[in-house]
Amino acid sequence: MSLLLVITYLDRVCISVAGPRMQEALNIGPVAWGWVTGIFTLSYAAFEIPSGALGDRIGPRRVLTRIVLWWSAFTSLTGLVTGYYPLLLTRFLFGAGEAGAFPNASVAIARWFPLHERGRAFGITLMAAQVGGAFAPLLVVPIQARYGWRASFYVFGILGVAWSGAWYRWFRDSPAEKAGVTRAELDETQGLVAKGHQKLPWTVALRSRNFWAAMGVAFCYIYTFYFFQSWFHTYLVKARGYSENDLLLSSLPFFVAACANVAGGLVSNSLVKKVGLKWGRCAIGVVGLGSAALFAVAVMFTQNQFGAMVLLSLIYGGITFQQPIMFAVCLDIGGAFAGAMVGAMNTASQIGSLISSVAFGYLVARSGSYNAPFIPMAALLAMGAWLWLKVDPTQPLVPVSQLDKTADMPVAFD
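Bear in mind the structure is a predicted one, so any value in this text is a computation, not a measurement.

Parameters and conventions
- Residues numbered from 1 in each chain as written.
- Predicted model: local features only at pLDDT ≥ 70, side-chain atom pairs only at ≥ 80, totals over all residues.
- Heavy atoms only, no water.
- Patch = residues over 30% accessible without salt bridge, like charges linked within 9 Å, V, L, I, M, F, W, Y side chains within 5 Å.
- Areas by Shrake-Rupley, 256 points an atom, 1.4 Å probe, with all protein chains shown as cover.
- Salt bridge = Lys/Arg side-chain N within 4 Å of Asp/Glu carboxyl O.
- Helix = DSSP H or I, 4+ residues; strand = E, 2+ residues; numbered from the N terminus.
- Buried < 20%, exposed > 50% of the residue type's maximum accessible area, 1.4 Å probe, protein only.
- 1 Å grid on protein atoms, 1.4 Å probe; cavity = no way out; pocket = protein on both sides within 12 Å on 5 of 7 lines; lining within 4 Å.
- Points joined across faces, edges and corners; volume = space filled by probe spheres on them.
- Nonpolar A, V, L, I, M, F, W, Y, C, P; charged D, E, K, R; others polar.
- Phe/Tyr/Trp six-rings, centres within 6.5 Å; stacked < 30°, edge-to-face > 60°.
- Contact = heavy atoms within 4.5 Å.
- Expected span 1.5 Å × (residues − 1).
- Bend = angle between axes of the 7 residues up to and from the residue.
- Polar contact = N/O pair within 3.5 Å; in protein donor to acceptor, adjacent residues only side chain to side chain.
- Core = buried A, V, L, I, M, F, W, Y, C linked by side-chain atoms within 4.5 Å.

### With respect to a nonpolar patch on the surface
Here's step 1: Together, Phe135, Leu138, Leu139, Leu248 and Phe255 give the surface a local cluster of nonpolar side chains, amounting to about 390 Å² of exposed area.
Here's step 2: Inspection of the secondary structure assignment puts Phe135 in helix H6 (residues 118-147).
Here's step 3: Among the residues examined, Phe135 registers a relative accessible area of 39% and is labelled partly exposed.

As structure tokens, then:
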């Protein structure tokens, strides 16, 4: 799972690192580049819930194999594009294929880890994602300096194909299906996999304040989070005067984020035992997004190159400190509907990503300043910290005692 998320972020951040060269080679301006990064999130959002629900139904083993093979193909195809519109189409299909990776990873965690261990599990796997983002500049910059930006996409496409084969052969959808699992582990994880497929009762979810609070948090923090996967390297070159070789320093925010992911998961695990589930989860969110909002304000007033990099790293660190808890809360609230719930959360977050990537280009073009996009970032991070106070992970959408009754509930979408 951790290796999966390393590859995921290698492939995602690859286009951000290659962005300055691609914009020059394909003659793409700020507004048009915003749509290149945004079109991925549009298709990603559209297919999140169906892919997550499919994982609930048939298990993450088969679904993740299909997802990784698909996105690996379109990672490689990105290196073949020769114009703006073929690039848009390729990125759209890339997003459609990758949708469901995080929901199905969450389904796997829900089936293999009891509640008190999930914060740590998400912390470690999400840390791996940031490690992928950290290594992307260290790998992409030398490859594109010697062989051109296209070669980096060919190389990274191969990694996913190798992972898919190993995953399908080795992984099983539940501990009971896996040879070598001990009786103690089977006893601890018994009951984590629902009997039969449970359809998420959307009529119940859409009336839940808890559901909408979680969706709101996801939208608010991903708006800024996606800057680091889309505009970050272009921002460093065009706003902060970084050269291509200087982009090796752009690994710093991702290393900070990796540490923050693990720290958030570990601190939450400890707090859950000491103060209970609600504040063991929500306190992490308030602190993480509240501090990130303050650092987003500070970066606008910083002239020093390295000082700006440090503040950007702290913004990303604050966001990723609470990120594993967002996924854990989706499992708390979603229960047997973990894949669909994470899919819904990721849909809300990808709407934030789309608006962020497109708005960044428009704000820069209109204002002539790369500081302007940080104003809505700071505001939304502060709003996300406030919304964390409205989330209650102790209140699942459907209590366990009522799960068998959900089959008779009207379902809006599955």
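Still to come is the rest of the account.
### Remarks on the layout of surface pockets
Here's step 1: Quantified by volume, the second largest pocket comes out at close to 280 Å³.
Here's step 2: Met1, Trp112, Phe113, Trp170 and Phe171 are the residues nearest the centre of the second largest pocket, which is lined by 14 residues in total.
Here's step 3: Contributing elements (two or more residues each) for the lining of the second largest pocket: helix H5 (101-112), H6 and helix H7 (149-170).
Here's step 4: Here the lining of the second largest pocket is composed, by residue class, of ten nonpolar, two polar and two charged.

### Digging into the packing of aromatic side chains
Here's step 1: In total, this model carries 27 aromatic pairs according to the counting rule given.
Here's step 2: Ring plane angle 35° and centroid distance 5.5 Å describe the contact between Trp70 and Phe74, whose orientation is recorded as tilted. Here Phe74 and Trp70 lie together in helix H3 (residues 60-78), a separation of four residues that amounts to about one turn.
Here's step 3: When its relative accessible area of 35% is taken as the criterion, Trp70 is described as partly exposed.
Here's step 4: Residues Phe227 and Tyr235 carry aromatic rings whose centres are separated by 5.6 Å and whose planes lie at 75° to one another, so their mutual orientation is edge-to-face. Like Tyr235, Phe227 is buried.
Here's step 5: Clustering of aromatic rings is evident, with ring pairs tying together Tyr221, Phe225, Phe227, Phe228, Trp231, Phe232, Tyr235, Phe254, Tyr316, Phe360, Tyr370 and Phe374.

### Looking at the side chain of Thr41
Here's step 1: Here Thr41 is to be found in helix H2 (residues 30-58).
Here's step 2: Looking at Thr41, the relative accessible area reads 0%, which means it is buried.
Here's step 3: The residues touching Thr41, leaving out its near neighbours within four places in the chain, are Tyr226, Gln350, Ser353 and Leu354.

### Digging into unusual backbone geometry
Here's step 1: At Asn27, a position not held by glycine, the phi torsion is positive, near 60°.
Here's step 2: Note on placement: Asn27 falls in the loop between helix H1 (2-26) and H2.
Here's step 3: Overall, Asn27 belongs to the exposed group, its relative accessible area being 71%.

### Section: helix H15 (residues 305-334)
Every α-helical turn comprises 3.6 residues, leaving residues that sit three or four positions apart pointing alike.
Here's step 1: Taking 1.5 Å of rise per residue, 30 residues should cover 44 Å, and H15 covers 43 Å from first to last C-alpha, within 8% of that figure.
Here's step 2: Maximum bend of H15: about 30°, positioned at Gln323, with proline Pro324 one to four residues after it.
Here's step 3: Of all the 30 residues making up H15, 25 are buried; the element is thus mostly covered by neighbouring parts of the structure.
Here's step 4: Backbone nitrogen of Phe306 and a side-chain oxygen of the N-cap are separated by 3.0 Å at the start of H15; the cap is Asn304.
Here's step 5: Downstream of H15 by one or two residues, Gly335 has phi in the positive range, about 60°.

### Structural notes on the nonpolar core
Here's step 1: Tyr221, Phe227, Leu312, Ile315, Met326 and Trp388 are the most contacted members of the largest nonpolar core, which has 122 residues in total.
Here's step 2: When residues of this core are assigned to their parent elements, the largest contribution, 16 residues, is made by H15.
Here's step 3: If we skip the residues at most four places from it in the chain, Trp388 touches Val217, Arg281, Cys282, Gly285, Val286, Leu289, Gln322, Ile325, Met326 and Val329.

### Let's talk about empty space enclosed by the protein
Here's step 1: In total, this model carries three cavities of 30 Å³ or more according to the counting rule given.
Here's step 2: Computed from the structure, the largest cavity encloses a volume of approximately 110 Å³.
Here's step 3: Lining the largest cavity are 16 residues, and of these Arg12, Ile222, Phe225, Asn346 and Gln350 lie nearest its centre.
Here's step 4: Listed by contribution, the elements that provide at least two residues to the lining of the largest cavity are H1, helix H10 (209-225), H15 and helix H16 (338-367).
Here's step 5: Of the residues forming the lining of the largest cavity, the biggest block, five residues, is contributed by H16.
Here's step 6: Tallied by class, residues from the lining of the largest cavity come to nine nonpolar, six polar and one charged.
Here's step 7: Surrounding the second largest cavity, Arg12, Ile15, Thr37, Phe40, Arg91, Tyr226 and Gln229 form its lining.
Here's step 8: When contributions to the lining of the second largest cavity are tallied by element, the ones reaching two or more residues are H1 and H2.
Here's step 9: The residue inventory of the lining of the second largest cavity, partitioned by class, reads three nonpolar, two polar and two charged.

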